[in-house]
Amino acid sequence: MRIILGITGGVAAYKAAELARLLAKRGHRVRCILTEAGSRFITPLTLASLTGEPCYGANPDQEEWRANPSIEHIELARWADLVAVVPATANILGKSANGLATDLLSTVLLATRAPVLWAPAMNTGMWEHPAVQANVARLRSFGHTIVDPSDGVLACGEEGAGKLAEVEAIAEAIQLAGSPRLPVLAGRTVLITAGPTREDLDPVRTLTNRSTGAMGVELARAFRDAGARVQLVLGGDLPAPWGVETVRVRSAQDMLAACESRWPGADGLVGAAAVADQRPERAAPEKVKKGEGPETLVLVRTPDILATLSASKRAGQWILGFAAESEQHLTHAVAKLAKKRLDAVLVNDVQDGRAFGNQPNTLTPVTSEGPQPALGPLPKDELARAVVAWWAARLG
Ligand SMILES: Cc1cc2nc3c(=O)[nH]c(=O)nc-3n(C[C@H](O)[C@H](O)[C@H](O)COP(=O)(O)O)c2cc1C
C-alpha cells in the first residue's frame, strides 16, 4: 500500500517514527508530510531515513515544496492509497473537519480521494472539548477512521483520555482501512475461537496445550480486514487484535458459554481454538500438597464446543473447523466433518511441534467434496488471508 503519513505538532510525534518504520518493514511505501509544528518535534531526516522516501515539508516556502511548486499536493493526494495522520493535533482535526487547506498536509487531506485515518493525541481537556468532539464526529461522518486515543498519563502530567493509541494498533487500523472488502463477508458477523483452554487442577496448576492462538488471531484479523464484524473468543495470552470484539476465556466451559450467547447472532463460526478434551474431575480450592508414591489424576470430558454449536446451526450459518492431527490427517478430518456437520475442516499437521506459534504453516481444507488443494506453507498472517480468500470464493 502507498501511505501518506501526516505528522503534526504534538509530543507523540516521536512515535510516528516507529510507526513509519513498522509500516515500511511490512512492505508499505510510506511518504511522510510534516507540519511546521510537527517539524519542531521530529526531523524530516529521521523519517526519510526510516522510510527510504522523501519527507515533505509544511508549506510552500519550505525547500521541499519549492522543488516542485505547481502540483505537489495533487500528486501526493493521487499517489496515496491511504492518508493517515499520526499524531493528529486538535488543530489539524479542526482544519480538516472544516475544509481548510493552509499547508501541504491539510491541502493533501482535502484533495485526496483515498481513505483517511486519524490517530489524535492531546491533553484530556482538549480531547474532551465539545469543539474537538464535534470535529471528530464530522470527520467520522465523512467516512474517515478514527483510532481513539487511550487513557493514561499524558506528557503534560495529567491523567486521562488523550494518549496516542498504541503504534501496533494504529498499524492494524491502517491495514484495515486500506484493505479491500470482500462482498460476501462485508457486514457479516463471524465468531472465531482461538488459543488454548486451561483446565485448573488447583489455584496454581493447570492442564493446557501447546497452542498459542496465533492462527486464530490472524484469522480474526483477516476476516476483519475482509469487512466482517469479528467476535473473538480467545484463550491464552496473545494481545487482542484492534477492531475485533474480544472476550477472554480460560476453560473449555467458559469458551462454550461465551460462544453459545454469540452464535445465534453470527453468520459463521471458525473454530480455531485448541480446546482441552479433558479436565480434572475436580479443581481443588487450595494448592494440593505432594504425597508419597504414585498419584492419580481423574479426568473427565469437557464439552465439545463445535458439536454443541453445530447442533443449533440454523439455515445460512456456516462452520469451519480445525483439525490438529499428527497422523492419518485426512481420514480424521473427513470423520470430523461428517460427525460435527461442518462445512469444512482445515487440517494442520502438528507432528514434531509443527504448526505451533509463529512458524510458517500449511492447511489442507477438507469439504464434503474431499480434500482441496493445500494452502501454504505461508507465515500465519498470509495463511489466514489465504483461508479467508478461499472460503469467500466458496461462499460467493
Ligand atoms: C510542547 C508542545 C506540545 C504540544 N502537544 C500537543 C498535542 O499533544 N496535541 C495537540 O493537539 N496540540 C499540541 N500542541 C499544540 C500544537 O503544536 C499547536 O496547536 C500547533 O499549532 C499545531 O499545528 P499543526 O496541527 O499544524 O501541527 C503542543 C504544543 C507544544 C508547544
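Residues numbered from 1 in each chain as written. Predicted model: local features only at pLDDT ≥ 70, side-chain atom pairs only at ≥ 80, totals over all residues. Heavy atoms only, no water.

S.K.: Explanation requested: helix α14 (residues 380–395) in the structure shown.
M.R.: Because an α-helix packs 3.6 residues into every turn, residues spaced three or four apart end up facing the same way. With 16 residues, α14 should cover 22 Å at 1.5 Å per step; its first-to-last C-alpha distance of 22 Å lies within 8% of that length. Inspection of α14 places K380, L383, A384, V387, V388, W390, W391 and A392 among the buried residues, and these make up the whole buried set. Elements that come into contact with the buried residues of α14 comprise α10 (214–225), β17 (318–325), β18 (344–349), β19 (361–367) and β21 (375–378). (Helix = DSSP H or I, 4+ residues; strand = E, 2+ residues; numbered from the N terminus. Expected span 1.5 Å × (residues − 1). Buried < 20%, exposed > 50% of the residue type's maximum accessible area, 1.4 Å probe, protein only. Contact = heavy atoms within 4.5 Å.)

S.K.: I would appreciate a short explanation of the UniProt feature "binding site: CTP" (unreviewed entry) in the protein in the present structure.
M.R.: Mapped onto the present numbering, the UniProt feature "binding site: CTP" (unreviewed entry) falls on D277, K287, P303, D304, I305, L306, F322, K336 and K340. On the basis of their most widely separated C-alpha atoms, the annotated residues across 64 residues do not gather in one place, lying as much as 37.5 Å apart. Following the sequence through the fold, F322 ends up in strand β17. Discounting chain neighbours no more than four positions away, the residues touching F322 are M215, L219, V270, G271, A272, K336, V345, L346, N348 and L363. Structurally, K340 can be placed in the loop between α13 (329–339) and β18. (UniProt positions renumbered as here; feature names shortened; annotations may be inferred.)

S.K.: What am I meant to see in the sheet that holds strand β4 (residues 82–88) here?
M.R.: Note: strands within a sheet are paired through backbone hydrogen bonds, in either parallel or antiparallel orientation. Strand order in this open sheet of 6 strands is β3-β2-β1-β4-β5-β6, and the pairing throughout is parallel. Of all strands in the sheet, those with a lone pairing partner are β3 (55–56) and β6 (145–146), marking the two edges. One ladder, built from 6 bridges, connects strand β1 (residues 2–7) with strand β2 (residues 29–34); its direction is parallel. Looking at β2, one finds that I4 is bridged to R31. The sheet strands contacting helix α9 (residues 167–177) are β1, β4, β5 (116–120) and β6, and the helix crosses β5 at an angle near 165°. (Pairing = 2+ DSSP bridges. Axes fitted to C-alpha atoms, helices over the stretch in contact; angles between N-to-C directions.)

S.K.: Before we go on, may I ask you to explain the UniProt feature "active site" (unreviewed entry) in the protein in this structure?
M.R.: According to UniProt, the "active site" (unreviewed entry) feature falls on C156. Mapping C156 onto the fold places it in the loop between β7 (150–153) and β8 (159–163). Take C156: its relative accessible area is 47%, and that puts it in the partly exposed class.

S.K.: Would you take a moment to explain the site of the ligand for this structure?
M.R.: Around the ligand sit 14 residues, and of these G9, T35, T89, A90 and A121 come closest. Note that an oxygen atom of the ligand is positioned 2.6 Å from one of the backbone N or O atoms of G9. For the shell around the ligand, the leading source of residues is helix α5 (residues 90–97), giving 3 residues. Residues of the shell around the ligand, tallied by class, amount to 8 nonpolar, 6 polar and no charged. (Near = heavy atom within 4 Å. Polar contact = N/O pair within 3.5 Å; in protein donor to acceptor, adjacent residues only side chain to side chain. Nonpolar A, V, L, I, M, F, W, Y, C, P; charged D, E, K, R; others polar.)

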